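What the coordinates show
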Amino acid sequence: MNPALEQELASEIESDFRRRLIAGCHSKCISPAYLQDGELNKGEAVCLDRCVYKFMHTNGLVQKVANEVGSRMMGSMGMEDANQPQQ
């Protein structure tokens, strides 16, 4: 794959990840009162901390499983060396 295209795709994936994280945790943890006083209360801050942790942890687990499934699929197709650098 073209390195510039890979970088663009990685950037888009990262942006999407950030958008989903912000939207999900914001809607779950931040009350409308935040717009008026501009400060998070302790409950909101704790909720955000936990939400971000869970989001990141879950994303890591999903990536791990996806990589394992992808590796198994490549192996069953006889492509296990496809991702290995050529010597």
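Right above here is the structure, for reference.
Let me begin by describing the structure that accompanies this report. (Residues numbered from 1 in each chain as written. Predicted model: local features only at pLDDT ≥ 70, side-chain atom pairs only at ≥ 80, totals over all residues. Heavy atoms only, no water.)

1. Quick look at the pattern of salt bridges
The criterion, for reference: Should a side-chain nitrogen of Lys or Arg be within 4 Å of a carboxyl oxygen of Asp or Glu, the pair is scored as a salt bridge. The numbering of helices and of strands both runs from the N terminus, where a helix is a DSSP run of H or I of at least 4 residues and a strand a run of E of at least 2. Exposure categories follow from relative accessible area, calculated using a 1.4 Å probe and restricted to protein chains: below 20% of the type maximum is buried, above 50% is exposed, and the middle band is partly exposed.
If you walk through the whole model with that rule in mind, you get 3 salt bridges. For Glu14, the salt bridge identified is with Arg18, shortest N-O distance 2.8 Å. On the criterion of helical spacing, the pair formed by Glu14 and Arg18 is a turn pair, its members being 4 residues apart in helix α1 (residues 3-29). Using a relative accessible area of 47% as the deciding quantity, one classes Glu14 as partly exposed. Of the charged contacts, one joins Arg20 and Asp16 as a salt bridge, the two residues approaching to 3.1 Å between their closest N and O atoms. Highlighted residues: Arg20 and Asp16, both in helix α1, separated by 4 residues, approximately one helical turn. Among the residues examined, Arg20 registers a relative accessible area of 41% and is labelled partly exposed. Residue classification places Asp16 among the partly exposed residues on the basis of a relative accessible area of 31%.

2. Some remarks on the state of the cysteines
What we call a disulfide is simply a covalent bond connecting the sulfur atoms of a pair of cysteines. Quick note on the threshold: Cysteine sulfur atoms are paired as a disulfide whenever they fall within 2.5 Å.
Going through the model one piece at a time under the given rule, you end up with 2 disulfides. Here Cys29 connects covalently by a disulfide to Cys47, the sulfurs 2.0 Å from one another. Looking down the S-S bond of the Cys29 and Cys47 bridge, the torsion is -65 degrees, so its handedness is left-handed. Of the two residues, Cys29 is situated in helix α1 and Cys47 in helix α3 (residues 42-76); the sequence distance between them amounts to 18 residues. For Cys29, a relative accessible area of 8% translates into the label buried. Assigning the bonded cysteines of the protein consecutive numbers by sequence position, one obtains the connectivity 1-4, 2-3.

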